[in-house]
Structure formats: structure tokens, C-alpha cells
Amino acid sequence: MSNKTKIILYGILSVLCVPFVFPTWWMITSALKPNSEIFSASLWPSHPSFAAFHDVFTLQPFARQYFNSAYIALVVTAGTLIFAAMAGYAFARIRFRGQNVLFVVVLTGLLIPSEVTIVPLFRMFNSLGLIDTHWPLILVPIFGAPSVLATFIMRQFFITLPVELEEAGRMDGLGRPGIFARIALPLARPALAAVAIFTFLTSWNLYLEPIVYLSSRDNFTLPQALTQFTDAYQGPLWNVQLSAASLTAIPVLIVFVLAQRQFIEGLAHTGLKG
Amino acid sequence: MRPRYWTTRRRDQLTGWLFIAPQLAGTVVFVLIPLVLVVWYSLHEWNVLADSFTFIGADNYRALASDPKLGGVLRASLIFSAGLVVLNLSLALLLAVLLNQRLRGTTFFRVLFFSPVVVSLVAWTIVWRFMLQDNGGVNALLHAVGIAGPNWLRSGGTAMAAVVVVQVIKNVGLNMVLFLAALQGVPRDLYDAARTDGAPAWTTFRRITLPLISPTLLLTAIITVVGSLQVFAQIAVLTEGGPGTSTTVLVYYLYQQAFQFHAFGYGATLGVLLFVIVLALTVLQWQLRRRWVFHEQ
């Protein structure tokens, strides 16, 4: 490749990445601007102030909301990993009657967006007295439509594992559950990592479900809380919203930068090569 | 000696059933039963505030057919989906091809283009809403080069375009990574052969690259289309469906009817409509795959 081509390529890439990088920069610097300066076009606040970051915690129980989002995402991720790995393994490796029919039944979950069923699910949880609790945000993702994709990915992975590894385990006297837990699961680490990443992000981003199911501020999750920093006229308190948005985005961004290889390759790998 | 009842095969059968039991039960309780119920509810007039639940047959479907807003809603959904899919797939492919060149620092750019994928969706959307204000960052940038930008989110012509672009930049990294993986699976010797024959770059791309990555293209197209029909948070935060109904997509309309106007029966009817559209699109794309997707044999 000639030097000229290289320079052109770098030029194109640098221009293209502006809209990908600029919003994060603008979010953080604007969060540091006092309200009087918030609409100034300066790339750096003239008098950086952390006041808005303080307001984030006094205007709403933000720490509590943070905890809600984090624990819900963690529980959903752990639950999805366990049940999707089990089901994926059984569909890939164990022969049992009705297997193919049941696999089709489970796969229908992929075809049905959760928005289609939100009205009946709302009624179901309402009659169980679970409105304004976190149960709908935990149970539906672990067992319902969102986990079907995870099951499918795990099945695709287990199909590619060499049978010889399991036979060695059987020789050593392991039963099915032992083979699954001691041999197959540890080997499935790449697939598990990918499923964990996208399950966590999906739960972390959930917006429709929280605003449908939750009504009290103490129970809110982060995405829902972010839009609630408003003044008396329902106008957004921009520097507070942007501070809260920064606090929501930055930890995940840091984890991503540290582990970007696993993130990108994991997701490319699940690649749903299907 | 009596043969053992718990043979390895029987034990395997039982384990198989036990392993899929949670997932299967979940699918039945949280997907299939609600799917049947949503059809049942769509045949009812059901107002939660008035506590009424009456069977009205196909009335909701008649109301749907004559709903003056439905045309606008379907139009908005169509524009959003078409715009998103076209822009997302072509930008993802462009980025993947650029990053597949033998160039230093591609990992760095890959990380940059991918990073919005991990930023919280609502946080990302809030920042863009802030930047797209009349006096926001985007117009400030435009002003610096002497262009007077419109009020992006408040004018009918630009609101939908803004929503599409915000969403494309958020998620294009995911498709880019999938395309990169596919591009790396194309055998190098095919390119070498094309170069020996003196084929121009564009011909090589069209005759070799595109056919060989077509399975990935199909899959990402399906995922992107189905995902585009589920868009909600972006609309709710950026435009609240406005101005007028220019950005009121189907899921947002469903949410308004069911959870803001408390017309649950009509909301269920819109849910059925959404399901029918998703089903039809998936079947259509699956049928098209024969024509579309290149097979090596």
C-alpha cells in the first residue's frame, strides 16, 4: 500500500470516528459546565464544577437506583448463563424423546419481540401483585424471550465440542451432570463470556419494561431515572442529566476499554454464524 | 439377574428433560401463553381505570383499520426501519472494509467505532437530544462553518432522520464486527487470483467479497430489521413521537395507547399487528435467502 493511500485511509477513518467519539466527550465536558455555560460551544468548561454531580445524588435516590440496575443486570446475567447453558447443552448433546419439537417450541421465542406480549405480561404480574417490584425485570429476561437467543448460541457452541472429550469423562465414571459441569462448561468459556456481555448490556439498557412496571423512585433503574432530572416545568436539568448519564456510561466504558478484546471478539465469535 | 431400570439411556433422557425444563417452562409462561392472551385481549374493550373488560369481537380491529393515526404510524415505522437497515448495513460494511486493510492502528479505530455499543442507550440518547437542540452542539459546529442548522428534533423533515442517525451510530459497531469476522473468512488466494487477472477493486468486491459474506449479510439484515421494529427508548427520549406523528413508530404507539391512555384492548391489538409484521418479514427474508445468499457448492 502506498503512503498516499495510507494517508487517505487514515483521513477517512479519523473523520468517520468524530460522531462516535464526540458525544462522549460532549457529555462529560458539559456535565462539568455550570448551567449558565451549558449551551456555550466551548470544548472545555471555563470554570469546571462538580456541583451537578452532587445534585444527581440529592435530587433522586441515585445510588439506590444504580444498585437496582447493577443487581438486576447481574442476577439476570447469572440466571441466563445457568439455564441457557443447561438447555443449550441438552439440545446439542443429549438424545431424548421430543427433542426436536421442544427445540422448535423454544425457538419461537426468538420470533416474538417482548413488546408484543407486554400487555398480557403486565396483567399477569399485576394479578400476582408484582407491579412496582423488580420481579418482572428479572424473571422475564431469564426465562422468557431474551434468553432464547442465549440458549441458541450455547447450543451452537456445544455442537462443535469433540465427543471424545466427553467419552473420556464417562470412562472416568462421570454421569451426565458431571460431564456437563466438569468438562463441557469449562470449555464453553468463550461462548459464556459473549452471552454474559450481551445479556448484561441488554438488561442494563432496558427502558420500556421499567417504565411500564415500576412507579416509585426507590425502585427505578438507571435508564428510567436519567430522564427524571427535570425542573418544575418538566424541562430537563441538562447538566444534572448529563452528569447522571456520565456516571451511568463511564464505568461500563472503562470495563470495555480494559477488556475490549474479549468484548469485540466474543461478540464477533457468537457471531451468530448460525 | 434383573436388568437395571436406570440404564444409561434412561438416565440420559431424564437429564435431558430436566436440563431444558426451566427454559421450556419459561418460554411457555412468558412467551407462548402471553401470545395467546394478547390475541384474546385484542377482542376486548379493556380500560384499567374504569375497570371494564368486555368482549367486543373484532371491534378493535375495525377501529384499527379506520384509525386516522395508523397510516402515519406505519409510515414512520417503515421509514425508520428502511433508513436504519440501509444506513446501518452500508456504513458497517464500509467500516469493516476500511478496517480490514493492512494498516497499523486498526484495532484502535475498531475500539472507537465499537464503543457506543456499550454506552447505556438512554445516556447516549440524552446526550444526542442535548446536542440536537436548537442551540445545541451540532448547530454550534455547523455555525462555526457558516451553516444555520434547523431545530433537528422539532421539525417534521429532520426529526426522523436524526433518530435514525443517532441509532445507527450507537449500534453500527456491532454489525461492523460481524462483517469484519466474515471478511477475515474470505480466502486470501481468491483476492490474489483476482489481482493477477487485473480485476479492478470494485469488481473484486462485488464478485468475490459480497457473495462470500452474503450469509452474514442476511443474518445481520434480519437481526437489524427485527431490532428496528422494537425501537422505543430512542423515540421516547428524543422526540416523544413528534412532531405530530412523524416519529411515532408502532411500539411507541402501542405504549401510548396501552400505558398512557389505558386502552389495553387496543394496545393488545397493536401488539398482534406488530407480531404479524415481524413474522411476515422474517418469513420473507428467509424465502429470499435462496436468491440472495451465495453457497459455495
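(A) Layout of the nonpolar core. If you look at the biggest cluster of nonpolar residues, it comprises 185 residues, and the most contacted ones within it are Val119, Met154 and Phe158 of chain A together with Phe113 and Phe259 of chain B. Not counting residues within four places of it along the chain, the set of residues in contact with Phe113 of chain B comprises Leu13, Leu16, Cys17 and Phe20 of chain A together with Leu95, Leu99, Gly173 and Met176 of chain B.

(B) Spatial organisation of the interface of chain B and chain A. Of the residues lining the interface, 91 residues belong to chain B; the matching set on chain A comes to 91 residues. A combined buried area of about 8000 Å² lies between chain B and chain A, and 81% of that area is made up of carbon and sulfur atoms. The largest contributions to the chain B side of the interface with chain A come from Phe19, Phe30 and Phe130 of chain B, which together make up 10% of the buried area. For the pair chain B and chain A, the number of links is one salt bridge. Asp12 of chain B is the salt-bridge partner of Arg176 of chain A, the closest N and O atoms lying 2.8 Å from each other. Applying the counting rule to chain B against chain A returns eight residue pairs in polar contact (both at pLDDT 80 or more). Among the elements that line the side of chain B that touches chain A, the one with the most residues is helix α1 (residues 8–41) of chain B, at 24 residues. Here the residues of the side of chain B that touches chain A sort into 67 nonpolar, 19 polar and five charged.

(C) Examining a nonpolar patch on the surface more closely. Residue and element names in this part refer to chain B. Taken together, Tyr5, Trp6, Leu14, Trp17 and Leu18 make up a surface patch of nonpolar side chains, about 540 Å² in accessible area. By secondary structure assignment, the location of Trp17 is in helix α1. The class for Trp17 is partly exposed, based on a relative accessible area of 38%.

(D) Representation of the pattern of salt bridges. All names here are of chain A. Applying the stated criterion across every chain yields a total of five salt bridges over all chains. Glu166 is paired through a salt bridge with Arg176; the nearest N and O atoms lie 3.5 Å apart. With Glu166 in helix α9 (residues 163–171) and Arg176 in helix α10 (residues 176–187), this pair connects stretches of sequence that are 10 residues apart. Accessibility expressed as a relative area gives 10% for Arg176, which makes it buried.

(E) Fine view of the confidence of the model for chain B. On average, residues of chain B carry a pLDDT of 89, and 97% of them reach 70 or more. Here the predicted complex scores 0.92 on pTM and 0.91 on ipTM.

(F) Quick look at the packing of aromatic side chains. Tallied over the entire structure, the rule returns 44 aromatic pairs over all chains. Pairing Phe125 of chain A with Tyr213 of chain A gives two aromatic rings, centres 5.7 Å apart and planes at 80°, and the pair type is edge-to-face. With Phe125 of chain A in helix α6 (residues 118–127) and Tyr213 of chain A in helix α12 (residues 208–213), the pair connects residues that are 88 residues apart, well separated along the chain. Note on Phe125 of chain A: relative accessible area 2%, which makes it buried. Sitting above the plane of the Phe53 of chain B ring, Arg123 of chain A keeps its charged end 4.6 Å from the centroid.

(G) Representation of the packing of helix α5 (residues 99–111) of chain A against α1 of chain B in the model. α1 of chain B packs onto α5 of chain A with a crossing angle of 45° between their chain directions and a minimal axis gap of 9 Å. As far as their axial angle goes, α1 of chain B and α5 of chain A are oblique. Seen from above, α5 of chain A lies across α1 of chain B with left-handed handedness. On α1 of chain B, the residues touching Leu102, Val105, Val106, Thr108 and Gly109 of chain A of α5 of chain A are Trp17, Ile20, Gln23, Leu24, Thr27, Val31 and Leu32 of chain B. A class-by-class count of the residues in the contact of α5 of chain A with α1 of chain B yields eight nonpolar, four polar and no charged.

(H) A look at the environment of Ala123 of chain B. Take Ala123 of chain B: it is sitting in helix α5 (residues 121–131). The class of Ala123 of chain B is buried, set by a relative accessible area of 0%. For the pair Ala123 of chain B and Val237 of chain B, spaced 114 residues apart in sequence, the C-alpha to C-alpha distance is 9.8 Å. Apart from the residues within four sequence positions on either side, Ala123 of chain B is in contact with Leu226 and Ala245 of chain A.

(I) Spatial organisation of the pairing of strand β2 (residues 52–55) of chain B. Residue and element names in this part refer to chain B. Examined bridge by bridge, strand β1 (residues 44–47) and β2 share four bridges and lie antiparallel to one another. Looking at β2, one finds that Glu45 is bridged to Thr54. Two successive antiparallel strands, β1 and β2, enclose a turn made up of four residues, where Asp51 displays a positive phi of approximately 55°.

Conventions adopted
- Residues numbered from 1 in each chain as written.
- Chains lettered and ligands numbered in written order.
- Predicted model: local features only at pLDDT ≥ 70, side-chain atom pairs only at ≥ 80, totals over all residues.
- Heavy atoms only, no water.
- Core = buried A, V, L, I, M, F, W, Y, C linked by side-chain atoms within 4.5 Å.
- Buried < 20%, exposed > 50% of the residue type's maximum accessible area, 1.4 Å probe, protein only.
- Contact = heavy atoms within 4.5 Å.
- Buried area = accessible area lost by both parts, 1.4 Å probe.
- Salt bridge = Lys/Arg side-chain N within 4 Å of Asp/Glu carboxyl O.
- Polar contact = N/O pair within 3.5 Å; in protein donor to acceptor, adjacent residues only side chain to side chain.
- Helix = DSSP H or I, 4+ residues; strand = E, 2+ residues; numbered from the N terminus.
- Nonpolar A, V, L, I, M, F, W, Y, C, P; charged D, E, K, R; others polar.
- Patch = residues over 30% accessible without salt bridge, like charges linked within 9 Å, V, L, I, M, F, W, Y side chains within 5 Å.
- Areas by Shrake-Rupley, 256 points an atom, 1.4 Å probe, with all protein chains shown as cover.
- pLDDT = per-residue confidence, 0-100.
- Phe/Tyr/Trp six-rings, centres within 6.5 Å; stacked < 30°, edge-to-face > 60°.
- Lys NZ or Arg CZ within 6 Å of the ring centre and 35° of its normal.
- Axes fitted to C-alpha atoms, helices over the stretch in contact; angles between N-to-C directions.
- Parallel < 35°, antiparallel > 145°, perpendicular 65-115°, else oblique.
- Left-handed = near helix turned anticlockwise from the far one by under 90°.
- Pairing = 2+ DSSP bridges.

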